[in-house]
Amino acid sequence: MTLRFTVVYHGSFIHWVISWFSVSANLVFGSGITRDDTNKTLMVTAWTIWKDRCTKKFQNKDPNRDISVAEINNLTIFNVHNSSINNAHLQVNRWKPPESGFLKINLDASFKQLNSQGGIGLIVRDFADVCFRVQGEYFDGEMKQGIEVEELECRAMLAAVTLAVMKNFTNVIFESDSEIVIKSINEKISYVYWMNQHFILDIRYLLGRLENWKCISVKREANGVADKLDKKAIITKSHFSFHSTLPRDIKEWIDKENHVAF
């Protein structure tokens, strides 16, 4: 058997890694494997190595090769067995309480292009319309230019999933009016811009720690309180989090949406 190698000089390690995802790159891993499959495997592998390095650096824990390989396999063949929702169509026109035993987290993001300010907001409610938490986060010019809205929608979803994991929620429904983010989570193909794909990987990883979850795409009319929360974060230029005692304006938004739901 004769092996032939082609040496290509990229000038730096960074340019070499970026070349993996180039359409012109001649990478062949086997029959039936598409360019998207290859790109996804490389992307997940690079992300996993980065997480292992961070774990070693900040927690002084040595990476485990078998665990890392298993994580790569799980993410590249990600299947939404926990989600029975078909998100291809936006069918939810107004907010509805979750079924008994579930918590519902609505999330949204806003971006003001004039001053490059952004905000995300989320609200947690149960089947009895009881609000457990609302929060907002303000961003001042911290987004990547040209993809600010999508990045903020990803950040909102990541904040919601992180909250669910930290609070040990078991059965959770996540609702967002960003169809592209929801589809990227629920399907094998990621539809977000490549610079935002690491958010989707983090979200999928955290979702794997929840017992039961659903990610649903809704229309903006069904996401009213979350929309007002992200705008409040921008207007006040602040981060905020409220639990049982809510400010009057937020309470009025929730009461109005609950009334419309019925």
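Source: prediction; values computed, not measured.

A. Structural view of helix α6 (residues 197-207). With respect to burial, α6 is a largely interior element, nine of its 11 residues being buried. Within α6, burial applies to Gln197, Phe199, Ile200, Leu201, Asp202, Ile203, Arg204, Leu206 and Leu207.

B. Representation of the nonpolar core. Within the largest apolar cluster, 36 residues are counted, with the highest numbers of intra-cluster contacts made by Ile105, Leu122, Met157, Phe174, Ile185, Ile203 and Leu207. Take this core: its biggest share by element is 11 residues, from helix α4 (residues 148-166). Sequence-distant contacts of isoleucine 105, defined by excluding residues within four places in its chain, comprise Leu122, Ile123, Val124, Ala160, Ala164, Phe169, Val172, Ile173, Phe174 and Glu175.

C. Just the pattern of salt bridges, in detail. Enumeration over the complete set of coordinates arrives at 10 salt bridges. Measuring nitrogen to oxygen at the nearest pair gives 2.9 Å for the salt bridge that ties arginine 125 to glutamate 257. Placement of the pair is arginine 125 in strand β2 (residues 117-126) and glutamate 257 in helix α8 (residues 248-261), with a sequence separation of 132 residues. For the pair shown, arginine 125 and glutamate 257 are each scored as buried. Connected through shared salt-bridge partners, Asp108, Asp177, Arg220, Asp227 and Lys231 make up one network.

D. Expanded view of the packing of aromatic side chains. Counted according to the given criterion, the structure contains two aromatic pairs. A cation sits over an aromatic face here: arginine 125 above tryptophan 95, 3.8 Å from the ring centre. The lysine or arginine in question, lysine 214, covers the ring of phenylalanine 102, its NZ or CZ lying 5.2 Å from the ring centre.

E. Fine view of unusual backbone geometry. In this model, serine 116 sits at a positive phi of 55°, which is unusual for a non-glycine residue. Looking at the secondary structure, you find serine 116 in the loop between β1 (103-112) and β2. With a phi close to 70°, aspartate 129 is a non-glycine residue in the positive phi region. Relative to the assigned elements, aspartate 129 resides in the loop between β2 and β3 (131-140).

F. Inspection of the packing of α4 against α6 at higher detail. For the pair α4 and α6, interaxial distance at closest approach is 9 Å and the crossing angle is 20°. Judged by the inter-axis angle, α4 sits roughly parallel to α6. As α4 runs across α6, the sense of the crossing is left-handed. Contacts between α4 and α6 involve Glu151, Cys154, Arg155, Met157, Leu158, Val161, Thr162 and Val165 from the first element and Phe199, Ile200, Asp202, Ile203, Leu206 and Leu207 from the second. A class-by-class count of the residues in the contact of α4 with α6 yields 10 nonpolar, one polar and three charged.

Criteria and thresholds
Residues numbered from 1 in each chain as written. Predicted model: local features only at pLDDT ≥ 70, side-chain atom pairs only at ≥ 80, totals over all residues. Heavy atoms only, no water. Buried < 20%, exposed > 50% of the residue type's maximum accessible area, 1.4 Å probe, protein only. Helix = DSSP H or I, 4+ residues; strand = E, 2+ residues; numbered from the N terminus. Core = buried A, V, L, I, M, F, W, Y, C linked by side-chain atoms within 4.5 Å. Contact = heavy atoms within 4.5 Å. Salt bridge = Lys/Arg side-chain N within 4 Å of Asp/Glu carboxyl O. Phe/Tyr/Trp six-rings, centres within 6.5 Å; stacked < 30°, edge-to-face > 60°. Lys NZ or Arg CZ within 6 Å of the ring centre and 35° of its normal. Axes fitted to C-alpha atoms, helices over the stretch in contact; angles between N-to-C directions. Parallel < 35°, antiparallel > 145°, perpendicular 65-115°, else oblique. Left-handed = near helix turned anticlockwise from the far one by under 90°. Nonpolar A, V, L, I, M, F, W, Y, C, P; charged D, E, K, R; others polar.

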